[in-house]
Amino acid sequence: MTDVLHTSDLKSLPLLARGKVRDNYAVGDDRILMVASDRISAFDVIMGEPIPGKGKLLTRLSLWWFERLGPQGLNICPIHLTGEAPESVVAPEEVPQVEGRSMLVKRLKPIPVEAVVRGYLAGSGWKEYQESRSVCGVPLPEGLRNASKLPEPIYTPAAKAAVGEHDENITYERTVEMVGPEIAAQIRDKAIALYRAAAEIARAKGIIIADTKFEFGLDENGTVVLMDEVLTPDSSRYWPAEQYAEGSNPPSFDKQFLRDWLETAKVNGQPWDKTPPAPRLPREVIEKTAAKYQEALERLLG
């Protein structure tokens, strides 16, 4: 594939920030061009090798979900898309860097809370449940197992960390302290509503969304707006419904394959300690990770 993009380099717009995956550029003072690179991170460390096609796939999936959940679809929440073509704001020679992998969005004031919703017990939630029978301060019933479906989806927010740092699980009460009771309640309620709707849509396509995270911002009127990416395998745990069985995690359509490989990888002959630099990814790991993302896209979009 010739259009692999590890890091964008646009000269026609000021760079605002580089995240784990996205490069954000200022378009005037009211819009942002979000370019989804083919970078991949695991354990909050960005890998040196890109995953071909990943940025375009993430963008396509996000746009698909925004259309279904935003004002043109179920209208659960305002969204940050402007509806304008990303290619229209860059120099002609830069169009190949943004085509198919970018979103032109409204500039918002980010809310520093990751709105995590869990419908199933997995990952850090399962670890925490075993110790305390709760997740992020939300009490859960006895007798649940790894990958158990929860009686109701639960909201387990996290405080956003800088690139390279770990997001920190926090209680709902902490989010009230951070952003006030009104905004805290809005992002909780919108996140749960978005998850419920998305889980139903995905289930009809043979995918279980075990958990996901949403990001919100405030517009100039103080309205809560859904932003960033939404419901991609980077921000969600996707399971094939036909392989689901309580008691163990099904193989997921995300970077779990990469994480599993990294757990046994070595740097300079020593087990990797999950700090930069990351181990060099072999071709097989790159190809299998790309295939997992592609399968998620094909199941959802057909």
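Structure: see above.
Remember, it's a predicted structure, so these values are computed and weren't measured experimentally.

Another point: the nonpolar core. Counting residues in each nonpolar core, the largest one holds 63 residues, and the members touching the most others are Trp65, Phe214 and Phe216. Setting aside its immediate chain neighbours within four residues, tryptophan 65 contacts Gly70, Ala198, Ile201, Ala202, Ile209, Val230, Leu231, Tyr238 and Leu300. Of all hydrophobic cores here, the second largest spans 12 residues; its members include Leu13, Tyr25, Val27 and Leu104.

Below, the discussion takes up the pairing of strand β8 (residues 113–120). Of all eight residues making up β8, eight are buried, and the element is well covered by its neighbours. Where β8 lies against strand β14 (residues 207–218), four bridges are found, and the strand directions are antiparallel. For valine 117, the partnering residue across the bridge sits in β14 and is threonine 212. Two elements, β8 and strand β11 (residues 149–155), share three bridges in a ladder whose sense is antiparallel.

Time to look at the layout of surface pockets. The volume enclosed by the second largest pocket comes to roughly 200 Å³. Lining the second largest pocket are 14 residues, and of these Tyr120, Lys149, Pro153, Tyr195 and Ala199 sit closest to its centre. Elements supplying a minimum of two residues to the lining of the second largest pocket: β8, β11, α5 (181–203) and β14. Residue classes in the lining of the second largest pocket are distributed as eight nonpolar, one polar and five charged.

Using the criterion set out here, one finds seven aromatic pairs in the structure. Between tyrosine 120 and tyrosine 244 the ring centres are 5.6 Å apart and the planes differ by 75 degrees, which places this aromatic pair in the edge-to-face class. In this pair, tyrosine 120 is assigned in strand β8 and tyrosine 244 in the loop between β16 (236–240) and α6 (256–263), connecting sequence segments 124 residues apart. Residue class for tyrosine 244 comes out partly exposed when judged on its relative accessible area of 25%. Pairing tryptophan 239 with tyrosine 244 gives two aromatic rings, centres 6.0 Å apart and planes at 20 degrees, and the pair type is stacked.

Across the 12 residues of β14, 11 count as buried, placing the element largely inside the fold. Summarising the sheet, strand β7 (residues 109–110) and β14 pair through two bridges and their orientation is antiparallel. Across the sheet, the residue bridging to proline 110 is glycine 217, located in β14. Inspection of the sheet shows β14 paired to β16 by five bridges, in the antiparallel sense. Residue pairing across strands places isoleucine 209 opposite tyrosine 238, the latter belonging to β16. Pairing of β14 with strand β15 (residues 224–227) involves four bridges; the strand directions are antiparallel. Counterpart to leucine 218 in the pairing with β15 is valine 224.

What counts as what
- Residues numbered from 1 in each chain as written.
- Predicted model: local features only at pLDDT ≥ 70, side-chain atom pairs only at ≥ 80, totals over all residues.
- Heavy atoms only, no water.
- Core = buried A, V, L, I, M, F, W, Y, C linked by side-chain atoms within 4.5 Å.
- Buried < 20%, exposed > 50% of the residue type's maximum accessible area, 1.4 Å probe, protein only.
- Contact = heavy atoms within 4.5 Å.
- Helix = DSSP H or I, 4+ residues; strand = E, 2+ residues; numbered from the N terminus.
- Pairing = 2+ DSSP bridges.
- 1 Å grid on protein atoms, 1.4 Å probe; cavity = no way out; pocket = protein on both sides within 12 Å on 5 of 7 lines; lining within 4 Å.
- Points joined across faces, edges and corners; volume = space filled by probe spheres on them.
- Nonpolar A, V, L, I, M, F, W, Y, C, P; charged D, E, K, R; others polar.
- Phe/Tyr/Trp six-rings, centres within 6.5 Å; stacked < 30°, edge-to-face > 60°.

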